[in-house]
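# Descriptive structure summary
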Amino acid sequence: MSDTLHASALSTLDSWKPSAPGQESLRQAYLGFVGGRPDACARSCEPGHVTASAVVLDAAAEHVLLTLHPRVGRWLQLGGHCEPEDTSLPGAALREATEESGMSGLTIDEDPLRLDVHPITCSLGVPTRHFDVQFLVRAPEGAEPVASDESDDLRWWPVHALPPDTEDLTEVIAAALERT
């Protein structure tokens, strides 16, 4: 991973002022982890690694784009691992959202929405943690997603009528709606 991405991740986390309870302690934990690990943004970092995800809302902020993740087997927001060419966390989230949605013209709010740490067995094949930094992404009017091979399905869901087993997305979607 580039030193630029690492420095940008520290800067993004350092300057972010969370409004939700509990997010400040997570922010401090992220700062400690990223500050202590030059490889914190690389998927090869076995203790865990920073990921970037995107809550993609339609132009009217009435629908959220979710992917049926093939490895996890449930509906999630778009996003994933940082890549060597990424220079910032918002850039990584926007790249992932564009790749996974097949839509052009997406725009990102560069101030994080939320942080979420979750255990996962990802491409390393060993249990690890994702230190996910979640961002708001807006789709242009009339944008229609095209599923990539990274998804079993991809569709717009009404923000107040999400599919089953997505209760963990409620807070980040509410945070996204507060920004619109």
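Residues numbered from 1 in each chain as written. Predicted model: local features only at pLDDT ≥ 70, side-chain atom pairs only at ≥ 80, totals over all residues. Heavy atoms only, no water.

Look at helix 2 (residues 23-36): 20 Å from first C-alpha to last across 14 residues, which is about the 20 Å you get at 1.5 Å a residue. The complete set of buried residues in helix 2 reads Gln23, Arg27, Tyr30, Leu31, Phe33 and Val34. Tucked into the core, helix 2 has its buried residues touching helix 1 (3-15), strand 1 (49-57), strand 5 (107-121) and strand 6 (127-138). (Helix = DSSP H or I, 4+ residues; strand = E, 2+ residues; numbered from the N terminus. Expected span 1.5 Å × (residues − 1). Buried < 20%, exposed > 50% of the residue type's maximum accessible area, 1.4 Å probe, protein only. Contact = heavy atoms within 4.5 Å.)

Enumeration according to the criterion identifies three aromatic pairs in this entry. Between Trp75 and Trp157, the ring centres sit 5.2 Å apart and the planes meet at 75°, which makes this aromatic pair edge-to-face. One end of the pair, Trp75, is in strand 3 (residues 75-76); the other, Trp157, is in strand 7 (residues 153-158), with 82 residues separating them in the sequence. Trp75 sits in the buried class, given a relative accessible area of 10%. Joined through ring pairs, the aromatic side chains of Tyr30, Phe33 and Phe131 make up one cluster. (Phe/Tyr/Trp six-rings, centres within 6.5 Å; stacked < 30°, edge-to-face > 60°.)

Residues Val50, Val56, Leu89, Met103 and Val133 are the most contacted members of the largest nonpolar core, which totals 34 residues. Listing elements by their share of this core, those giving two or more residues are helix 1, helix 2, strand 1, helix 3 (89-101), strand 5, strand 6 and strand 7. Contacts of Met103, omitting those with residues within four sequence positions, involve Val56, Leu65, Thr98, Ala139, Ala143, Glu144, Pro145 and Trp156. Among the nonpolar cores identified, the runner-up in size contains 15 residues, and Val64, Leu66, Trp75 and Leu136 belong to it. (Core = buried A, V, L, I, M, F, W, Y, C linked by side-chain atoms within 4.5 Å.)

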